[in-house]
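# Coordinates in review
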Amino acid sequence: MTYDFRIEAADKPTLYRDLASALEGLVAGEPDAIANMANASALIWETLPDLNWVGFYRNVGGELVLGPFQGRPACIRIPFGEGVCGTAASTLQVQRVDDVHAFPGHIACDSASNSEIVVPIVRDGKLLGVLDLDSPKHARFDAEDEAGLVRVGKILSEAM
Ligand code: SME
């Protein structure tokens, strides 16, 4: 079986709608969280422009531990409350950061990163992990990206 997603949408809402339906197809009937996170990170990497990292940190006993990703090797463990990912984990709020260098405690895994968005993945009020995207562009992620990625997180929380 081959998966060939060539998503070329005219605008961001359409792009994210296509991304969401491709993801729904990929995770359908598959309960394995690692497999679903691996395919999700590959799909996002292939679909969204101007990324230098996309992937997951999983909530393993109250600590964030690196999961499937695309990009350069990254920090493995992040305590809750630390950096952009740890802040998303401890607050359960999306963190959208236009300039990571201005974010107190930002953890620089790849010096190419200038902006970042982290979406908590929550089911029944419990944090399963976070989805993290980094970009070399300043202010790469806007409210439409946030809405689209929150939808991605919801699809995954239901599949994990
Ligand atoms: N910048 C993140 C760390 C993870 S890497 O970007 C992959 C942070 O501050 O939490």
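Presented here is a report on the structure given in the accompanying data block.

A few words now on helix H4 (residues 143-159). Between its terminal C-alpha atoms H4 stretches 24 Å, which fits the 24 Å expected from 17 residues at 1.5 Å a residue. By the burial criterion, the buried members of H4 are Asp145, Gly148, Leu149, Val152, Gly153, Ile155, Leu156, Ser157 and Ala159. For H4, the N-terminal capping position is held by Asp142, with its side-chain oxygen 3.0 Å away from the main-chain nitrogen of Glu144.

Here the focus is the pairing of strand E5 (residues 115-123). Most of E5 is tucked away, with seven of its nine residues classed as buried. Pairing of E5 with strand E6 (residues 126-135), which is carried by nine bridges, proceeds in the antiparallel orientation. Pairing of Arg123 across the sheet is with Lys126, part of E6. What sits between the antiparallel neighbours E5 and E6 is a turn of two residues, in which Asp124 has the positive phi angle 50°.

To continue, consider the state of the cysteines. Evaluation of the coordinates by the stated rule reveals one disulfide. Linked covalently through their sulfurs, Cys75 and Cys109 form a disulfide whose S-S length is 2.0 Å. For the disulfide bridge between Cys75 and Cys109, the dihedral angle about the S-S bond is near -80°, and by the sign convention the bridge is left-handed. Separated by 34 residues along the polypeptide, Cys75 in the loop between strand E2 (63-71) and strand E3 (77-79) and Cys109 in the loop between strand E4 (95-97) and E5 bring together distant segments of the chain. The class of Cys109 is partly exposed, set by a relative accessible area of 34%.

Once that is clear, we can look at unusual backbone geometry. The phi dihedral of Asp50 is positive, around 60°, even though this residue is not glycine. For Asp50, the position within the fold is in the loop between helix H2 (33-47) and strand E1 (53-60). Since its relative accessible area comes to 35%, Asp50 is described here as partly exposed. The residue Ala139 is not glycine, and still its phi comes out positive at about 50°.

Analysis parameters
For every chain, the first residue of the written sequence is number 1, and numbering continues from 1 along that sequence. In keeping with the predicted nature of the model, local features appear solely for residues at pLDDT of at least 70, side-chain atom pairs appear and are counted solely at 80 or more, and the whole-chain, interface and lining totals rest on all residues. Water and hydrogen atoms play no part in the side-chain values, which are based on all heavy atoms of the structure. In this text, helices come from DSSP runs of H or I with a minimum length of four residues, and strands from runs of E with a minimum of two, each type numbered from the N-terminal end. Here a helix's expected span is defined as the number of its residues, less one, multiplied by 1.5 Å. Exposed residues in this analysis have more than 50% of their type's maximum accessible area, buried residues have under 20%, and partly exposed residues fall in between, with area computed by a 1.4 Å probe over protein chains only. Here a polar contact is taken to be a pair of N or O atoms separated by no more than 3.5 Å, where protein atoms must pair a possible hydrogen donor with a possible acceptor and residues adjacent in sequence count only if both atoms sit in side chains. Strand pairing requires that DSSP identify at least two bridges connecting the strands. We call a pair of cysteine sulfur atoms a disulfide whenever their separation is within 2.5 Å.

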